[in-house]
Amino acid sequence: MIFLTTLPLFWIMISASRGGHWGAWMPSSISAFEGTCVSIPCRFDFPDELRPAVVHGVWYFNSPYPKNYPPVVFKSRTQVVHESFQGRSRLLGDLGLRNCTLLLSNLSPELGGKYYFRGDLGGYNQYTFSEHSVLDIISTPNIVVPPEVVAGTEVEVSCMVPDNCPELRPELSWLGQDGLGEPAVLGRLREDEGTWVQVSLLHFVPTREVNGHRLGCQASFPNTTLQFEGYASLDVKYPPVIVEMNSSVEAIEGSHVSLLCGADSNPPPLLTWMRDGTVLREAVAEILFLELDEVTPGEDGVYACLAENAYGQDNRTVELSVMYAPWKPTVNGTVVAVEGETVSISCSTQSNPDPILTIFKEKQILATVIYESELQLELPAVTPEDDGEYWCVAENQYGQRATAFNLSVEFAPMILLESHCAAARDTVQCLCVVKANPEPAVAFELPSRNVTVNETEREFVYSERSGLLLTSILTLRGQAQAPPRVLCTSRNLYGTKSLELPFQGAHRLMWAKIGPVGAVVAFAILIAIVCYITQTRRKKNVTESPSFSAGDNPPVLFSSDFRISGAPEKYE
């Protein structure tokens, strides 16, 4: 607000000083518009004992000492003045009444400066007063804006112009105040040192939108072409508002990501990028980028931008979604089960977007889910057919990963119907094919001869396992006739199974049942038989059993050589 006194200070000093001392009182500074006039109020005093008949006075420009020959502004004795002041200066006051008020007209910039008054009472009674007035020639109104203008808080802006010319009175009007408020004209007011001003006030509540707005004031003088304008830019302080930011961002793993945050505030804000409470980058700026090179799934998440200054703060978030191929699936659950049990297997992975999960077995789809990260496979009452290798495959548009796992189903032995015996000349071969898990023990029984041959006795029994199948071959040679019955017995921890093996024709090729390996073994047995016959002819009447080296193939069992309860014995 503007506070102006109604009684100038120099008048107070005059009232208190009357009594006999040299002294002058005038405003220390005064201003006026170029082309107008100015009245410099002035009072002086001298000792009471001096009783001059006539009082004269002189106004000097820029120096108080006559010996320096300063320009004479006004001189009451001769009316001789400096050329710069000819026709421009006259005395308004009555020197006899100790009033030395000076009027200067048609002001120009070169008239700006210091003005000194010298009292001349005659003879040696002359005195140049040190007090002086500084005249300022102006061309623009003075717009006074508070040092701090805050958005949302009412503010008072004033326009002040000097009104010290009695011949010309200024009128004030505002420029660019539309939408701000209606001005209030206070009129002509007196300042502390006796000068006068015209004042107009403008009250309004500023917003962030008027920051930088150019507000003007115009002073015009009626019946003249004189017109002066002054402007001030509003510096409105306001809190930050985030005005520019990425929407949700999707990026492929390994790519470059640039996150943008821009805020509007005055003064400029401190911008901070954060994630999970951790400051990633900050700077005092209107725009701040967060650069992420070769993004990983670990950088997926919500990022926050905080903008703050002394007047408030604002924050916004952006979600970064990193797109990537599925990770190698993880399989949890039962991998070993007993026949008839319920098996639950879970396959899970991570990817973005969520994958298609599929569980295969032998190219057959057993379970699948779309856009989920976990797949559950339920097998109620598993059977041996469920045993085997499975694959869990996860895929999305960015890639595919797979994990293999095995389900082992344990069950009691099953002797397959392809098990049989075949006789050819003096040789009998019995094939017993067993399906079981875990691997069973297999034995051949000849009930009529009370003989049992275990698979561990490799001189007579050859066994080969492939997957869940165990194929055992018993070979008997030198048989005048085939045994009436041959039993195959198989057992593991889940049970025992026996089957009497049927005899088939000699033309049937048993080795075809066990594939290429069996064929190789069969060939080796044939060689062993030839070798054995040759050795037998050389060792007539020798009754001891033939011996085999560790590297020999499984031999045949002759009818004269039977083992009772698993131990070989010799018979004539």
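Keep in mind the model is a prediction, meaning the values are calculated, not measured.

### Side note on the packing of aromatic side chains
In the structure shown here, the tally under the stated rule is 17 aromatic pairs. Measuring from centroid to centroid gives 5.5 Å for Trp-59 and Phe-117, while their planes differ by 50°, and the two rings are tilted. Here Trp-59, found in strand S5 (residues 56-61), pairs with Phe-117, found in strand S9 (residues 113-120); they are 58 residues apart in sequence, far enough to count as distant. Given the relative accessible area of 0%, Trp-59 is considered buried. Seen from their ring centres, Tyr-324 and Trp-327 are 6.1 Å apart, and the 40° between their planes marks the pair as tilted.

### Description of the environment of Glu-374
Tracing the backbone through its elements, the reader meets Glu-374 in strand S32 (residues 374-379). A sequence separation of 18 residues divides Glu-374 from Ile-356, and the C-alpha atoms of the two residues are 9.4 Å apart. With near-sequence residues (within four places) excluded, Glu-374 lies in contact with Ser-346, Cys-347, Ser-348, Leu-357 and Val-369. Here the side chain of Glu-374 touches Ser-346 through a polar contact of 2.8 Å, side chain to side chain.

### A few points about the state of the cysteines
Disulfides are covalent bonds that connect the sulfur atoms of two cysteines. As enumerated under the stated definition, the model contains seven disulfides in all. Here Cys-347 is linked by a disulfide to Cys-392, with a sulfur-sulfur distance of 1.7 Å. The disulfide joining Cys-347 to Cys-392 has a torsion of about -80° about its S-S bond and is therefore left-handed. Of this pair, Cys-347 sits in strand S29 (residues 343-348) while Cys-392 sits in strand S33 (residues 388-396), placing them 45 residues apart in sequence. Residue Cys-347 shares its accessibility class with Cys-392, and that shared class is buried. The disulfide partner of Cys-421 is Cys-430, and the S-S distance across this bridge is 2.0 Å. Disulfide Cys-421-Cys-430: the torsion about the S-S bond is 110°, which places it as right-handed. When its relative accessible area of 0% is taken as the criterion, Cys-421 is described as buried.

The rules behind the values
Residues numbered from 1 in each chain as written. Predicted model: local features only at pLDDT ≥ 70, side-chain atom pairs only at ≥ 80, totals over all residues. Heavy atoms only, no water. Phe/Tyr/Trp six-rings, centres within 6.5 Å; stacked < 30°, edge-to-face > 60°. Helix = DSSP H or I, 4+ residues; strand = E, 2+ residues; numbered from the N terminus. Buried < 20%, exposed > 50% of the residue type's maximum accessible area, 1.4 Å probe, protein only. Contact = heavy atoms within 4.5 Å. Polar contact = N/O pair within 3.5 Å; in protein donor to acceptor, adjacent residues only side chain to side chain. Disulfide = S-S within 2.5 Å.

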